Amino acid sequence: MHKRNLRKTSLVLTAMSGIIMLLLTYLQPYTLSDDILYHCIWRRSADEGFVRIGSLADIVQSQAIHYMELTGRAIVQTVAQAFLGLLSKPAYDVANALIFAMTVWAVAKFVSKSTIKPLTVIMVLFVMIVLIPGFADIYLWVEGSVNYLWVSLAIMFFLFIFEKKKGREASPKDYLLSPLTLFIGWTHEGMALPLAISLAGYCWLRRKAMRKSAALPYVAWFTLGSLVCAFAPSTLLRAIGGDGHIAESPLVKVGLGLFTCTEMRTVWVLVAVMAYARRRNKRLLALHLSRYGYLYSSVVLSIGIIFASGVTQPRVCFAAEFFAMLLAINLLLRLGAERYSTRLGAALSAAIVAVLIPGIYYAYQGHLNNLYLMAQIKGGQTDMIRVKPMLGNSYFIRKFVFLQVEFGPNTYYFAPDPNDENVRCAAYLLGRDSLSFLPDDMVGKIMADPDSYIEYGEDATGRLMAMQIPNGTEVNKITFMLGDDSAPFYKRPFAYASDTYEADRWHTAKINGRTFVFFDKPIPKISRRIDSIRVDAVK
């Protein structure tokens, strides 16, 4: 095929991916996870009232507090609050689709180094859609997409600068423009810091050649930005307990890191491609390691951050997966993958379609659930909002739907409680005095039979539990009485040791003439051992 036709076909494929992303982003609603709170000026304490963002000055004030109180990602959070507070959801939908398409094109250009061919675009889409975990977290959810997808495009822009400048001598123009890369480094510590450390090592090892290189000032400013982000007072406080002690023990962090690494796919693909290259062409692999050593180092350091973070969400793997994608596709193309472009392209395209079709279906179901939820809120007839469960294939639901309201122990908000910070903020933004969210199936069961949940029960998704208590009583404590653990031996080192477990949050509500207490179902290593539940309630 002629080079011009190859480019046109590649552009069409990239544009199609942007259109699909526009649809998926449109179907993804705002969520109680951060999206709600970031509509408002960040508060220094929970006692302060909510103030909706109304100007750029409000965002500056918000981020000055945010930098000291929560994270150092002032640049991306400024962008996020601009879209959430000043612009509109449709504006974000369009911007997100464009950035996704631009990222696909930028990655394809970086790995191909010549005319971008359709196979390259398909390979990039396969990795970004099928392999990299946490699709909804990093591409659809507003706070997630701005922090991961949008940052990855900025990182790509910086990589193009570095590759272009490293073989040239610095000019006054470079010293004038290079400070702008501070803002790219000051985006996300999980992506920028591993790359900055790797590039600093790259420049040191090649210090004679890099001393006059035009890339050096850009790397210096980028590194400074990553340090400003990573070592913000708020970030340091998240790494340690408020009293100065480490938040989790090293053993726990190792266990959590190992668990999170099971989500990775692209890193293992890179390892497999490297093993294949070593067998086929050791010299090519050696040259690749030398040429892109800073990216290989970035993968390793990004994995290190996974272990240091103690966080288990799939999006924590994104940096390692993204850098691994650049290396794996580039190495595959150098090994001659284009010789099999027809069969390989068809197989990867089939896999993408096979994942997207059910993904769009479940995203649409999530959209319908949100319409049902918003109709109740706008109707104003009740403060108890019923949330329909997302039922079906858990893989596709988890991958393509970021639930607008979620229940369970892994959420940092408690949706049934009208006094929860996120729930109160939602009520403020939606013009309601109070709101509370409960699973639709639970409320429906109680309305049909007021004597439901005399013994404890759970919702359709198995995340929230309920139990009926005498009218006019208040709950002091909820204790889970636990039996023997039947977990296999390899899970025993991380087993819960005690034979009791106390719930840390609950909410009581009167429904259909009866009083019920709602509380999180514990994580599996505890819930699988439940023998009985004791509720201590007093009048």
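Located above this text is the structure these notes cover.
Since this is a predicted model, take the numbers as computed values, not measurements. Within each chain, residues carry numbers counting from 1 in the order of the written sequence. Under the rules for a predicted model, residues below a pLDDT of 70 receive no local features and side-chain atom pairs below 80 are neither given nor counted, while totals for whole chains, interfaces and linings still include all residues. Values reported for side chains reflect all heavy atoms of the structure, with hydrogen atoms and water molecules removed beforehand.

Colleague: Any chance you could explain the sheet that holds strand E4 (residues 464-469) here in plain terms?
Modeller: Either a parallel or an antiparallel arrangement is found when strands of a sheet pair, and the pairing is made through backbone hydrogen bonds. Taken in spatial order, the 4 strands of this open sheet run E3-E4-E8-E7, and their pairing is antiparallel. Only two strands of the sheet have a single neighbouring strand rather than two, namely strand E3 (457-458) and strand E7 (506-511). Relative to E4, E3 runs antiparallel, the two sharing 2 bridges. Counted as the bridge partner of Gly457 is Ala466 from E4. The criterion for strand pairing is that DSSP finds at least two bridges linking the strands in question. Helix numbering and strand numbering both begin at the N terminus, where a helix is a DSSP run of H or I of at least 4 residues and a strand a DSSP run of E of at least 2.

Colleague: What is the right way to read the packing of helix H17 (residues 282-291) against helix H18 (residues 293-309) from this model?
Modeller: Helix-helix packing is characterised by the crossing angle of the two axes and by the distance between the axes. Simply put, an axis is a line fit to the C-alpha atoms, just over the touching stretch for a helix, and the angle between two N-to-C directions goes from 0 to 180 degrees. Interaxial distance between H17 and H18 falls to 4 Å at its minimum, and their mutual angle equals 75°. Comparing their axes, H18 and H17 come out roughly perpendicular. Across the interface between the two elements, His288, Leu289, Ser290 and Arg291 of H17 pack against Gly293, Tyr294 and Tyr296 of H18. Classifying every residue of the contact of H17 with H18 gives 3 nonpolar, 3 polar and 1 charged. We call two directions roughly parallel when the angle between them is under 35 degrees, roughly antiparallel when it is over 145, roughly perpendicular when it lies between 65 and 115, and oblique otherwise. Contact criterion: two residues are considered in contact whenever any of their non-hydrogen atoms come within 4.5 Å of each other. Amino acids outside the nonpolar list (Ala, Val, Leu, Ile, Met, Phe, Trp, Tyr, Cys, Pro) and the charged list (Asp, Glu, Lys, Arg) are all regarded as polar, and Gly is one of them.

Colleague: Would you take a moment to explain the packing of aromatic side chains for this structure?
Modeller: One pair of aromatic rings is described through two measures. These are the centre distance and the angle between the planes. For Phe, Tyr and Trp, rings pair up if their centres lie within 6.5 Å, where Trp contributes its six-membered ring, and each pair is then called stacked (planes under 30 degrees apart), edge-to-face (over 60) or tilted (otherwise). Summed over the entire model, instances satisfying the criterion amount to 25 aromatic pairs. With 4.9 Å between their ring centres and 40° between their planes, Tyr38 and Trp42 make a pair best called tilted. Residues Tyr38 and Trp42 agree in their burial class; the two are buried. On the numbers, 5.1 Å between centres and 75° between planes, the contact of Tyr361 with Tyr362 is edge-to-face. Each residue is assigned to one of three classes by its accessible area relative to the maximum for its type, calculated with a 1.4 Å probe on protein chains only: buried under 20%, partly exposed between the two thresholds, exposed over 50%. Look at Tyr362 and you get buried, because its relative accessible area is 12%. A network of ring pairs unites the aromatic residues Phe100, Phe135, Tyr139 and Phe400 as a single cluster. Charge over a ring is defined by NZ of Lys or CZ of Arg lying within 6 Å of the ring centre and within 35 degrees of the ring normal. Directly above the aromatic system of Trp204 lies the positively charged group of Arg207, at a separation of 4.2 Å from the ring centroid. Across the ring face of Tyr292, the terminal group of Arg291 is positioned such that the distance to the ring centre comes to 4.6 Å.

Colleague: Where do I start with the sheet that holds strand E6 (residues 500-502) in this structure?
Modeller: Strand order in the open sheet made by the 3 strands is E6-E5-E9, with antiparallel pairing throughout. Each edge of the open sheet carries a strand with a single partner, namely E6 and strand E9 (530-538). Neighbour-to-neighbour, the strand axes of this sheet turn through a mean angle of 25°, independent of strand direction. As paired strands, strand E5 (residues 474-482) and E9 are joined by 8 bridges and run antiparallel to one another. Bridging from a neighbouring strand, Glu474 pairs with Val538 of E9.

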